[in-house]
Amino acid sequence: MNQDTNVDVHLSTGQIFAGKLIGAPLVSSGELVFTTGMVGYSEALTDPSYYGQILTFTYPLIGNYGLPNNVLTDIASAEFLERGMESDKVAVSGVLITEHFENPAHRLSHVNLDSWLKKYNIPGVVGLDTRMITQLVRDQGQIFAKIIPRESVGFIDRSNLNFQENKSVTDHFFNPSDYNLYPEVSNKSVVEYGDGPVLINVVNYGVKWNIVRELLRANCRVRLLPWDCNYESYCDADGWVLSNGPGNPATAVDVIKQLKNLIHSNANIFGICLGHQLLALALGAQTERLPYGHRGHNQPVHMAGTQQGYITSQNHGFVVNKNNLPSDMEVWFENLNDGSIEGIRHKTKLMRSVQFHPEACGGPNDTSFLIQDFIRDIKAKETHRAYS
Amino acid sequence: MPILDSLKSGNKKILVLGSGALTIGQAGEFDYSGSQAVMALEEEGFEVIVVNPNIATVQTNTSENRKVYLYPVNAENVTYIIEKERPAAIIGGFGGQTALNCLIELEKLSILKKYNVISLGTPVKTLITTEDRKLFADKMSSFDIKCLPFNVYTSKQDVQKVAQTFDYPVIVRSAYALGGLGSGFANNISEVINLTEHALSINPQVIIEKSLAGWKELEYEVMRDSQGNTICICNMENLDPLGIHTGDSIVIAPSQTINDQEYQLLRDVAIQIVNKLQIVGECNVQFALNPESLEYYVIEINARLSRSSALASKATGYPIAYVAAKVVLGYSLLELKNPLTKNTSAFFEPSLDYVTIKVPKWDLDKFSGAYRFLDSKMKSVGEVMSIGRTFPEAFQKAIRMVLEKPEGILYSPFSEISDAELEKELEKATDKRIFAVFEAFKRKFSLEKIFSLTKITPWFLEQIKLITKTCSEVRSCRNSNSGVSDYEAAVFKLDSLKLLKWKKLGFSDRQIASLLSSGDRVSALDLEQREELVRLKRHAFKIRPVIKKIDTVASEFPTTSNYLYLTYHGAKNDVIPSVNESQSFLLLGSGPYRIGSSVEFDWCGVSASQFLKKNKMTSIVLNCNPETVSTDYNTSDRLYFDEINNETILEIYEFENPTGVITCFGGQLPNNLVPSLKRLGIRLYGHSADAINLSENRILFSSCLDELGIKQPAWVAARSDEEIKRFLAVSRFPILVRPSFVLSGTAMKVTHDIESLTAFISKARAVAPDSPIILTEFISGAKEFEMDGVAQSGNTIIAIVSEHIENAGVHSGDATITLPVQNKNLELKIKEAGNKIVQKIGLNGPFNIQFLVFNDEIYVIECNARASRSFPFISKVIEQNLADLAMQVITGRTPVVNSLIDQSRIGVKAAMFSFNRLEGVDPILGVEMASTGEVGCVGKNYQNVLLRAFEATGIKLPQKGILFSAGPKEEKNKFKPILPFLKEMNIPIFATEGTANFLHDNGIKCEKIKWLDDGDTKIISLIIDKKVDFVINIPKDEKEKQLFNNRIIRQTASRAGCSLLTDADKAISFFAALATRTPDLVPEQL
């Protein structure tokens, strides 16, 4: 079908789709992923877990309520606490959508999607059958895409990773799993927020801001640690949160080593998404690829030993393998659709993690109580210790 | 599953309350929820007892494990049925407000306790809280949830005292009411007092609250199981800002203009409410959201299946009623599977990768004098839902669906009015406001201006603006500037990019043809040919819609769903054509419910689809009405939820290549498409296009009758004044006038003299200047009969004659119909005439023929070559499914007819009116259909069946007093036989002058009351003060004064909820039945 098009999307499986360009006229490639969330596009696009990925929205209309203010410097400012952005920049390498809306009129909207993507030097493509693309991704497991504007002015900047994009349509796709991406998404030096009585270290593997917000709401002092700092030097904290982030967890050998020590020190630990997988690996478990990744705001999980289910926000293709959990760990949550592990916890220690996103943004807040519970349990443990 | 287990161990009977006749505010959606609930219960091995007088529903079909009681749903009847059946449990959450009110009443009367019946679902105590706004608001504030601030008053005086302190505008509404009945907006003290008075005439409590006009209105559909697991299945956003009843709002799902934070905030609150109230099953939560902040209010909740939950079910594909029924039995959502995917959990929230738009169908044109302004009182009688991948695509579809005309957004009722008038149309919403918005953009009003007048969220306005702009773009492809003056040349020169863009914006081929024809005088047939050219061009460019699935999971994983729609925003079909070794058929649905076409046709469609499935043929259903069972996920093998028009049918037909297309079960809408479908070369099954034409074309039909020697009322299709004169010279008044052939007609009228005839003709010419005007001699005092049946190649294989209680002149859809006919000789003569017609026309399928009988002469009025609205009624009375028989014929099988019909089974079908919701309308019966629904009761005793049917349509026994105006002399005399009974009843009778004299002359005591125009308002206060609860008011004549006098009485009676009878024959049948009945000892099941 002939279309009024000016950009092509090439897939590693050979398909080519033509569309219209929005955002920056740059060549960009990455792993092709999708999300089925119907709201929360600004949260998704700024979620560092998507670093190096080209994100397809199954919901066809994106940009309806505009984009929030894009100059966010002070993480403790009012704009930070107001939701909308999950990091200070667009994390994805490209966006594929069916239709975008040019004149948003929401009270919090500052710009439209096109201008916003331009500002962050990220290309987007509209006019695509994103349902069909989603099915391709779903059925192929892992595929890569390259966005090639017909009148491109350059390439997306990956100099930090020593990767130079090119216009080849048959190979040379950026595969985020081949790189250590934490330097790209983590902070360079320690930053502290809040002044609550409980000190929590958040190890930043690509943290979503709402994890920090939730901790501040739980009246914590948050110390945001660079992914590669010496964890032992910060063992004065009351608890540790291992953040979400991009990439294949199995390749993060150094991090896993540090986490093993942390586990031995009996630290109170809460892992989220990638943090959950890193914790599991450090405990001796293994991760594997899911046949169908969990990519949306509607994932049902069941809390083991209860009759309770929760709807969660998820974005992952890897999962902790059930078969070799250490004996002192137990399954905490399970996915109601495919039975995969959604959370694990230590039988006696305050050490737990979840595959989903209790901090939501976007998606349902049904499990945000888990973060509050973690802080509550830290406090209870300390009170207990003080009296015993 | 504690409840389930305890039930299964012993008594397996569960009683399910239905919703009764379709009315404004409570319509076909409850057949959807009711039948899904029953299906879910039957699946679990329960014996289901349905109480619902709505005979035309799928829910009231009997089965091995289902008993049906066609009784009015109220505490008295249900107690009576409980006593007989002794069910273990009762379910009231699937039959709308009627069922809920009945359940609350049963609880209050301790009936459930007395008979040890468990109420399944949300606890009745909770229901009482949610139904009383004050209790609800108090409860919510105890949880820190914000409800709209409001106050409850019980007298006009109380309101008067504080009226100056209100923060105007305010909303006035009565508590415990269907669809906001008796409510409205008040801008000042006098308006508030008026509305209070009105509301208090219906209900002892009136609620006055702050108006949040301009806020966004959003709804969430929540389901909770008894273990406390809660999901939010769908959220919806109203295009119309707060203030217009959600049933009258254009609604889009999912929400479009709120961000994640707002979405989750309202979702969290909705879930919190449902958890705090311990709701079990489905709940709808309505919110007002301030567009300028995160401020919100809970407007109301409905702790039951509702219109919105039916819509949400169709919008998401998640079978809400089915799952809710399982949850109500005690299942946890965690142990149930999603029926659409079959292998994933029912505990999840559907993700949509498309948009759905609901547009209400008002049909106010059918009610002369109806007040058109939309407010917190619902007025619409039906709705459509459209599906697309963008707003313009879905919106354009929806507008075409709801208009049932191909022009869609090109319909321009406001093209002639001034800018100032247009601004008024924008400011005060009516049933046509969306066309005012189009008109305003056409006139280049700024978006800001339209926004400030309508308060429609700019996102929606931007889309409408884009559609309007594109109309001009299409038009500009044919003008002198572009050097293309010829239509064919313009189409020839279209470029594919533009055409694809227009299709993506939802323009139909017909609309493109029409826009390219601007300025030409084109007939409908020409336009159809021009449409064909656009289609050929489009097909040559290979611009075809793709078929996408609704799978609840946005294709995150593969599903077996067969729920489909068409879109131009796609590159790949989700399905391949259905394959069947036997035959496959495309069944056309009936479209939106409206006056004259309602749930009866859906019943026919469902029966036809079930027939195909049962016989291992493939059933492909096309329909666009979310309130139906035909659009349920398991009614057909394939469901196309899309437009019922040539273009869509052809695309589906070419894709699926079915054995044929069946049009005769969807009422007039699909039947009207037959000629063009035939021209398109589509294989039609059932009646031939020629047979349909023979029966629908007046002239051809008339000459058929002449050839057969069957009488018909004298008529003429007059184009000139000369022809009219010639007709009048040989005919007598009254004369029925109508512009051209239309179903349950617009602008149809009985005229009694030359003045009214001339006046009407000039009006009719304004509607359709080119078509001939049809004048028919109207036979006063004639009895009306109908013959419904099935024919095979011109042979009638079954025919059932039924009789109207009202004399001819009352539309057959409004009449009370009884079966079997008492006069067997007459029945035989009617059948004889009918069979001749069937043979002459060569009918092959379901049909309906209407007769008049006057002085023993039989006249034929019309023949419908399709299933009629009586089909479910007749099928259930005679215990043979006529739709099923018709399908046997249509699919070429040898029909198995049981000629032994149990003559002792008596059926009465009565019409349900919604006049109390339509301000300004005179609640009388006439040649134009006005009823919104019907009931049908069946039993052995005529009197009891008739009274039951009347009770189910709101005509209850008089208890306080009767207000009587018996109309003209000949009507008065008809009442003579029942007068002794009236006397015996010993109830105060108030009568207007002539009637009082008539009663006195016949020895009946009564109080004479002055007419209103005599300056005395006592007649009105009698009604308002509830001194009378039964009003008989027979229209007298067409004189302005008489009309006014009677209209006010009828309107007041209707608003006050009195039993109102305006037809002498109907009134007499009621009292005669009452006088001679012996009540049944036990309730009769169907």
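About the cut-offs
The written sequence of each chain sets the order in which its residues are numbered from 1. Naming scheme: in the order in which they are written, chains are lettered from A and ligands are numbered from 1. For a predicted model such as this one, the threshold for reporting local features is a pLDDT of at least 70, and the threshold for listing and counting side-chain atom pairs is 80 or more; totals across whole chains, interfaces and linings nevertheless cover every residue. In computing side-chain properties, one takes all heavy atoms of the structure into account and sets aside hydrogens as well as water. Per the convention used, a helix needs a DSSP run of H or I reaching at least four residues, while a strand needs a run of E reaching at least two, with both numbered from the N terminus. Contacts are assigned to residue pairs with any non-hydrogen atoms lying within 4.5 Å of each other. Throughout, the Shrake-Rupley method with a 1.4 Å probe supplies accessible areas, and for residues the shown protein chains are the sole cover considered. Any two of the Phe, Tyr and Trp rings considered here, Trp counted by its six-membered ring, make a pair once their centres fall within 6.5 Å; the pair's planes then place it as stacked at under 30 degrees, edge-to-face at over 60, or tilted in between. Exposure categories follow from relative accessible area, calculated using a 1.4 Å probe and restricted to protein chains: below 20% of the type maximum is buried, above 50% is exposed, and the middle band is partly exposed. In this scheme, Lys NZ or Arg CZ marks a charge over a ring once it lies within 6 Å of the ring centre and within 35 degrees of the ring normal. To get an axis, fit a line to the C-alpha atoms, keeping to the stretch in contact for a helix; angles then go from 0 to 180 degrees between the N-to-C directions. In these notes the angle categories are as follows: under 35 degrees is roughly parallel, over 145 is roughly antiparallel, 65 to 115 is roughly perpendicular, and the rest is oblique. Handedness of a helix crossing follows the sense of rotation of the near helix relative to the far helix, less than a right angle counterclockwise being left-handed and clockwise being right-handed. In this count, Pro and Cys sit with the nonpolar residues alongside Ala, Val, Leu, Ile, Met, Phe, Trp and Tyr, while Asp, Glu, Lys and Arg are called charged and the others, Gly among them, polar. Throughout this description, a polar contact denotes any pair of N or O atoms lying within 3.5 Å of each other; where both atoms belong to protein, one of them has to be capable of donating a hydrogen while the other can accept it, and for residues adjacent in sequence the pair is counted only when both atoms sit in side chains. Where each domain begins and ends is defined by an automated method or by a domain database. Reported buried area values correspond to the accessible surface (1.4 Å probe) lost by two parts on association, with both partners' losses combined. Salt bridges are counted wherever a side-chain nitrogen of Lys or Arg sits within 4 Å of a carboxyl oxygen of Asp or Glu. Only protein atoms enter the calculation, which uses a 1 Å grid: trapped sets of points that fit a 1.4 Å probe without letting it out are cavities, open sets showing protein on both sides within 12 Å along at least five of seven lines are pockets, and any residue with an atom within 4 Å of a point is a lining residue. Grid points are joined across faces, edges and corners, and a volume is the space filled by probe spheres set on the points. By definition, two strands form a pair when at least two bridges between them are found by DSSP.

**Description of the overall build of chain A**
Helix and strand content of chain A: nine helices and 20 strands. Projected onto the principal axes, the alpha-carbon positions of chain A cover approximately 75 × 45 × 40 Å. Pairs at least 24 apart in sequence give 71% of the contacts found in chain A among residues at least 6 apart. A total accessible area of about 13800 Å² is found for chain A, and carbon and sulfur atoms account for 46% of it.

**Some points on the packing of aromatic side chains**
Per the counting criterion, the structure on display carries 40 aromatic pairs over all chains. An angle of 70 degrees between the planes, with centres 5.5 Å apart, marks the rings of Trp116(A) and Tyr120(A) as edge-to-face. Judged by centre distance (5.1 Å) and plane angle (70 degrees), the rings of Phe163(A) and Phe174(A) are edge-to-face. Here Phe163(A) is found in the loop between β10 (154–155) and α5 (182–185), whereas its partner Phe174(A) is found in the loop between β10 and α5, with 11 residues between them in sequence. Comparing Phe163(A) with Phe174(A) shows no difference in burial state: the two are buried. Grouped by ring-pair contacts, the aromatic residues Phe101(A), Phe391(B), Phe395(B), Phe438(B), Trp459(B) and Phe460(B) constitute a single cluster. Above the face of the Tyr297(B) ring, Lys146(B) is positioned so that its terminal group lies 5.4 Å from the ring centre. Here the guanidinium or amino end of Arg530(B) rests over the ring plane of Tyr487(B), the centre of that ring lying 4.3 Å away.

**Digging into the packing of helix α3 (residues 75–85) of chain B against helix α4 (residues 96–108) of chain B**
Residue and element names in this part refer to chain B. Their axes nearest at 9 Å, the elements α3 and α4 cross at an angle of 70 degrees. Judged by the inter-axis angle, α3 sits roughly perpendicular to α4. Relative to α4, α3 is oriented so that their crossing is right-handed. Side by side, α3 and α4 meet where Ala-75, Val-78 and Thr-79 of the first sit next to Cys-102, Glu-105 and Leu-106 of the second. A per-class count over the contact of α3 with α4 returns four nonpolar, one polar and one charged.

**What about the environment of Leu843(B)?**
Along the chain, Leu843(B) falls in the loop between α30 (824–841) and β31 (845–854). Those residues in contact with Leu843(B) that sit more than four places away from it in its chain are His687(B), Ala691(B), Ala791(B), Gln792(B), Ser793(B), Gly794(B), Val838(B), Cys863(B) and Ala865(B).

**Some points on the side chain of Thr79(B)**
All names here are of chain B. One can find Thr-79 in helix α3. With relative accessibility at 16%, the residue Thr-79 sits in the buried group. From its side chain, Thr-79 meets the backbone oxygen of Ala-75 in a polar contact 2.5 Å long.

**Concerning helix α4 (residues 130–140) of chain A**
Here α4(A) lies mainly inside the structure; nine of its 11 residues are buried. All buried positions along α4(A) are accounted for by Thr130(A), Arg131(A), Met132(A), Ile133(A), Thr134(A), Gln135(A), Leu136(A), Val137(A) and Arg138(A).

**Examining the domain arrangement of chain A**
When the parts come together, some accessible area is lost, and that loss is often what is quoted as the size of the interface. All names here are of chain A. Along its sequence, chain A is organised into domain 1 (7–177) and domain 2 (182–387). Averaged C-alpha coordinates put domain 1 and domain 2 at centres separated by 26 Å. Of the roughly 2700 Å² buried where domain 1 meets domain 2, counting both sides, 55% is carbon and sulfur surface. Put simply, domain 1 and domain 2 have two salt bridges between them. A salt bridge links Glu-86 to Arg-213, with the nearest nitrogen and oxygen atoms 3.0 Å apart. Of all the elements in the fold, those that place two or more residues in the side of domain 1 that touches domain 2 are β3 (26–35), α2 (78–81) and α4. Considering every element that reaches the side of domain 1 that touches domain 2, the biggest residue donor is β3, with four residues.

**Details of empty space enclosed by the protein**
If a probe the size of a water molecule is rolled over the atoms, the empty space left behind becomes visible. Residues and elements named next belong to chain A. Taken as a whole, the second largest cavity holds about 240 Å³ of empty space. In this structure, the second largest cavity is lined by 18 residues; those nearest its centre are Gln-53, Gly-247, His-316, Gly-317 and Phe-318. Mapped onto the lining of the second largest cavity, the elements with two or more residues apiece are α8 (274–282), β16 (287–303) and β17 (309–320). Class assignment of the residues belonging to the lining of the second largest cavity gives a composition of five nonpolar, 10 polar and three charged. Shared between two domains, the lining of the second largest cavity takes at least three residues from each, and those domains are domain 1 (7–177) and domain 2 (182–387).

**Digging into the sheet that holds strand β30 (residues 817–819) of chain B**
Residue and element names in this part refer to chain B. Across the sheet, which stays open at both edges, the seven strands sit in the order β32-β31-β28-β29-β30-β33-β34 with antiparallel pairing between neighbours. The open sheet has two edge strands with one neighbour each: β32 (857–864) and β34 (933–939). In this sheet, neighbouring strand axes are inclined to one another by 25 degrees on average, regardless of whether the strands run parallel or antiparallel. Bridging between strand β29 (residues 795–804) and β30 involves two bridges; their strand directions are antiparallel. Bridge assignment links Glu-803 to a residue of β30, and that residue is Thr-818. Its contacts with the sheet put helix α32 (residues 882–890) on β28 (783–792), β29 and β31, and the angle it makes with β28 is roughly 40 degrees.

**So, the sheet that holds strand β20 (residues 351–354) of chain A**
Residue and element names in this part refer to chain A. One open sheet accounts for 10 strands, arranged β11-β13-β12-β14-β15-β20-β19-β18-β16-β17; its pairing is mixed. With partners counted over all chains shown, the strands left at the sheet margins are β11 (191–193) and β17, one partner each. Geometrically, the sheet is characterised by an average inter-axis angle of 25 degrees between neighbouring strands, direction not taken into account.

**A few points about the pairing of β31(B)**
Residues and elements named next belong to chain B. The element β31 is extensively covered by neighbouring structure, given that nine of its 10 residues are classed as buried. Both β28 and β31 contribute to a ladder of nine bridges, which runs antiparallel. Note on β31: the bridge partner recorded for Glu-784 is Leu-852. By the bridge criterion, seven bridges tie β31 to β32 in an arrangement that is antiparallel. Of the residues in β32, the one forming a bridge with Phe-854 is Glu-857. From the end of β31 to the start of β32, which pair antiparallel, there are two residues, and Asn-855 there has a positive phi angle of about 50 degrees.

**What to know about unusual backbone geometry**
Residues and elements named next belong to chain B. With an omega dihedral of -5 degrees, the bond running from Tyr-168 to Pro-169 counts as a cis peptide bond. The residue Pro-169 is located in the loop between α8 (156–162) and β7 (170–174) in this model. Phe-733 connects to Pro-734 through a cis peptide bond whose omega is 0 degrees. Mapped onto the fold, Pro-734 is located in the loop between α28 (721–730) and β25 (735–738). You will see that Ser-110, though not glycine, has its phi angle at about 60 degrees, which is positive. Turning to its location among the elements, Ser-110 is positioned in the loop between α4 and α5 (111–114). The backbone phi angle of Asp-856 is positive, close to 65 degrees, even though this residue is not glycine. Structurally, Asp-856 is set in the loop between β31 and β32.

**Things to note about the pairing of strand β9 (residues 206–210) of chain B**
Residues and elements named next belong to chain B. Here β9 lies mainly inside the structure; four of its five residues are buried. Sheet topology note: the strand β6 (residues 150–153)/β9 ladder contains four bridges and is antiparallel. Across the sheet, residue Phe-150 finds its bridge partner in β9, namely Glu-209. Direction of pairing for β7 relative to β9: antiparallel, over a ladder of five bridges. Residue Ser-174 lies in a different strand from β9, and its bridge partner there is Val-206.

**Brief notes about the pattern of salt bridges**
Residues and elements named next belong to chain B. Inspection of the entire model under this criterion finds 84 salt bridges over all chains. Close ionic contact of Arg-267 with Asp-268 constitutes a salt bridge, the shortest N to O distance being 3.9 Å. A relative accessible area of 26% places Asp-268 in the partly exposed class. Asp-520 is paired through a salt bridge with Arg-478; the nearest N and O atoms lie 2.7 Å apart. Taken together, the residues span a long stretch of sequence, with Asp-520 in the loop between α20 (509–516) and α21 (524–540) and Arg-478 in the loop between α17 (458–475) and α18 (487–492) at a distance of 42 residues. By relative accessible area, Asp-520 is classed as partly exposed at 27%. Each of the salt bridges in this network shares a partner with another, and the network as a whole consists of Lys-503, Asp-509, Arg-510, Glu-531, Glu-532, Arg-535, Arg-538, Arg-544, Glu-647, Glu-651 and Glu-654.

**Observations regarding the interface of chain A and chain B**
With 57 residues of chain A at the interface, the matching set in chain B holds 62 residues. Summed over both sides, the interface between chain A and chain B buries roughly 4900 Å², with carbon and sulfur atoms accounting for 51% of that surface. Close ionic contact of Asp129(A) with Lys548(B) constitutes a salt bridge, the shortest N to O distance being 2.6 Å. For the pair chain A and chain B, the interface holds 28 residue pairs in polar contact (both at pLDDT 80 or more). Among the secondary structure elements, those contributing two or more residues to the side of chain A that touches chain B are α4, β16 and β17 of chain A. Residues that form the side of chain A that touches chain B fall into these classes: 21 nonpolar, 25 polar and 11 charged.

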